[in-house]
Amino acid sequence: MRISTNFDAVMITPVMFEEASDDKYVDLYNHSEMPIIFFDSPKRHYPFTRGGIPYETAHWESLNNGSHTTIYLYNIDAFREDAWYFYLKDEKELDLLYKEIFQKVEML
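Residues numbered from 1 in each chain as written. Predicted model: local features only at pLDDT ≥ 70, side-chain atom pairs only at ≥ 80, totals over all residues. Heavy atoms only, no water.

Caption draft 1: A look at the packing of aromatic side chains. All told, the structure shown has nine aromatic pairs when counted by the stated rule. Relative to Tyr-29, the ring of Tyr-25 lies with its centre 6.4 Å away and its plane at 40 degrees, an arrangement referred to as tilted. Of the residues examined, Tyr-29 reaches a relative accessible area of 5% and is grouped as buried. Through a chain of ring-to-ring contacts, the aromatic side chains of Phe-17, Tyr-25, Tyr-29, Phe-38, Phe-48 and Tyr-55 assemble into a single cluster. Over the ring of Tyr-55 we find Lys-43, and its NZ or CZ is 4.5 Å from the ring centre. (Phe/Tyr/Trp six-rings, centres within 6.5 Å; stacked < 30°, edge-to-face > 60°. Buried < 20%, exposed > 50% of the residue type's maximum accessible area, 1.4 Å probe, protein only. Lys NZ or Arg CZ within 6 Å of the ring centre and 35° of its normal.)

Quick look at the structure:
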């Protein structure tokens, strides 16, 4: 499976977390040339980019760093993963959160 390069990023939202954390997608996330946004995931990117960790059963306390959303991009050439965390203090600032996320994607 490949992600179309017609997009700047892929955003995965909570309604799809359980399915998106299926092991069959791990290689896809770790070989994507575009950022993957895990929107509103307190468990960050770990249940998606590691095999054998379904979102529902991932140990929440150890994964929670207080962030709202994570942008994940694996750098194949450097053999390292990069992750950027975004925080939401107040639901009224959701538009600012989107702006920050989209600005980061534009930079990548």
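Caption draft 2: View of the sheet that holds strand E4 (residues 80-86). With mixed pairing, four strands are arranged side by side in an open sheet as E1-E2-E3-E4. At either end of the open sheet lies a strand with only one pairing partner, and these are strand E1 (10-12) and E4. The sheet shows a mean angle of 20 degrees between the axes of neighbouring strands, direction not considered. Inspection of the sheet shows strand E3 (residues 69-75) paired to E4 by seven bridges, in the antiparallel sense. Counterpart to Tyr-72 in the pairing with E4 is Ala-83. (Pairing = 2+ DSSP bridges. Helix = DSSP H or I, 4+ residues; strand = E, 2+ residues; numbered from the N terminus. Axes fitted to C-alpha atoms, helices over the stretch in contact; angles between N-to-C directions.)

Caption draft 3: Examining the confidence of the model for the chain more closely. With 92% of its residues at a pLDDT of 70 or more, the chain shows a mean pLDDT of 88. Within the chain, strand E2 (residues 36-38) carries the highest mean pLDDT (96), whereas helix H4 (residues 60-63) carries the lowest (65). (pLDDT = per-residue confidence, 0-100.)

Caption draft 4: How the structure looks around helix H5 (residues 94-107). Here H5 contains 14 residues, and its C-alpha end-to-end distance of 20 Å stays within 8% of the 20 Å for a straight helix at 1.5 Å per residue. All of the buried residues in H5 are Leu-97, Ile-101, Lys-104 and Val-105. In an axial view of H5, the angular spread of the buried residues amounts to 100 degrees, which keeps them on one side of the axis. Exposed residues lying more than 90 degrees from the buried face of H5 are Asp-95, Glu-106 and Met-107. (Expected span 1.5 Å × (residues − 1). Arc of directions from axis to C-beta.)

Caption draft 5: Highlighting the pairing of E3. Counting buried positions over the seven residues of E3 gives five, a clear majority of the element. In this structure, E2 lies alongside E3, joined through three bridges in antiparallel fashion. Paired with Phe-38 across the two strands is Thr-70, which belongs to E3.

Caption draft 6: Spotlight on the side chain of Thr-70. Mapped onto the elements, Thr-70 comes out in strand E3. Once you skip the residues sitting within four places of it in the chain, Thr-70 turns out to touch Ile-36, Ile-37, Phe-38, Arg-44, His-45, Ala-83, Trp-84 and Tyr-85. (Contact = heavy atoms within 4.5 Å.)

Caption draft 7: Representation of the environment of Glu-56. By the element assignment, Glu-56 lies in the loop between helix H3 (46-49) and H4. Accessibility expressed as a relative area gives 61% for Glu-56, which makes it exposed. Taking the C-alpha atoms as reference points, Glu-56 and Tyr-29, 27 residues apart in sequence, are found 18 Å from one another.

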